[in-house]
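Descriptive structure summary
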Amino acid sequence: MLVNLRDICAIAEQNNMAIGSFNVPSFEAARATLDAAEETGYPVILSHAEVHDPVAPLDKIGPMLVALAERSSALVCVHLDHCENLSYMRKCLDMGFTGAMYDGSFLPYEENVANSQRAADMCMNYDCGLECEIGSMGSREGGERDEGGTAEEAGAVYTDPELAAKFIDETGLDILACSFGTVHGIYKGEPHLNFDVLTGIRDLRHIPLVMHGGSGVSDEDYHKAIDAGIRKINYYTYGAKFAGENVLKMIAEKRANNADALVYWHDMTTAAYERYLEVTIETMKVFANGAKPVA
Ligand code: 13P
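Now for a quick tour of the structure. Bear in mind the structure is a predicted one, so any value in this text is a computation, not a measurement.

1. Quick notes on the environment of Thr-182
Locating Thr-182 in the fold gives a position in the loop between strand S6 (175-178) and helix H7 (195-204). Note on Thr-182: relative accessible area 0%, which makes it buried. Each residue touching Thr-182, except ones within four places of it in the same chain, is listed here: Met-137, Ala-151, Tyr-187, Leu-193, Met-211, His-212, Gly-213 and Val-217. Reaching out from Thr-182, the side chain makes a polar contact with the backbone oxygen of His-212 at a distance of 2.6 Å.

Structure representation (structure tokens):
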């Protein structure tokens, strides 16, 4: 069942849990993510990042995600991730996306506010919740600085709670992405998260907060972040990495005794699907933070 980003985050708020927001730039990723939600009974967000358009063009993947969500027995939000062009957001809204993120975190404050307000006006005319970002993670999703490392190495600017409160009031956003020590991509060391950023914002404005760069964080830190107000966790890199590794393992096993053994495309997509399903089920259970299945 297709649900609005606002409603799915309200469920997370009621249950002191986070909803996994998984980037799904392929049919297998979307299928595995939906199957994980249906199997666990937890709501889910299927995310399409604007930067993934070259590997998953919106005009093909967008209608597919919306149709799959509508038919699913799970509660599913179809969400646009890290949108920088409002014309792209408009296309997603016309297709029936129920969540969208406008990311102006790389812009000067006033410009970020002005564009976020435009995004809010657009979303208001559709059944779509809006996420915006203040502070910067430095590394950009799928971008040239997506190699990971620490937040400092990526050039992160941690979110300032006072400025965040002003931003929330001025933009009309529904949920807020904030920078507090996570990075997109692969971590090269232990991430050091600053939970005071989250409690500082939530003390001023009690709205759902979003963790980007969510893969590679310890279970303990996920739970601390959820207890401090994180209601949506964006997760992609590690799941995609584990799925890719399973494809290599399958090929190595097939060729262990016969170097010429055929490997078909569907062998690869199946190996990727199977591992991605396992990882997503495990991840959703961690993000549930002890909450019972919702569906
Ligand atoms: P990871 O790169 O940590 O999986 O984060 C994905 C993300 O934040 C997408 O917006």
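2. Concerning the pairing of strand S4 (residues 99-102)
A two-sided burial pattern is seen for S4, the buried positions comprising Gly-99 and Met-101 on one face and Ala-100 and Tyr-102 on the other. In the sheet, strand S3 (residues 76-83) pairs with S4 via 3 bridges, with the strands oriented parallel. Looking at S4, one finds that Cys-83 is bridged to Tyr-102. In the classification by handedness, the crossover that spans S3, the intervening helix H4 (residues 86-95) and the parallel S4 is right-handed. As defined by bridge partners, S4 adjoins strand S5 (residues 129-134) across 4 bridges and the pair is classed as parallel. Among the inter-strand pairings, Ala-100 is bridged to a residue of S5, identified as Leu-130. The parallel pair S4 and S5 is bridged by helix H5 (residues 109-124), and the resulting crossover is right-handed.

Calculation notes
- Residues numbered from 1 in each chain as written.
- Predicted model: local features only at pLDDT ≥ 70, side-chain atom pairs only at ≥ 80, totals over all residues.
- Heavy atoms only, no water.
- Helix = DSSP H or I, 4+ residues; strand = E, 2+ residues; numbered from the N terminus.
- Buried < 20%, exposed > 50% of the residue type's maximum accessible area, 1.4 Å probe, protein only.
- Contact = heavy atoms within 4.5 Å.
- Polar contact = N/O pair within 3.5 Å; in protein donor to acceptor, adjacent residues only side chain to side chain.
- Pairing = 2+ DSSP bridges.
- Right-handed = clockwise from strand over helix to strand, strands pointing away.

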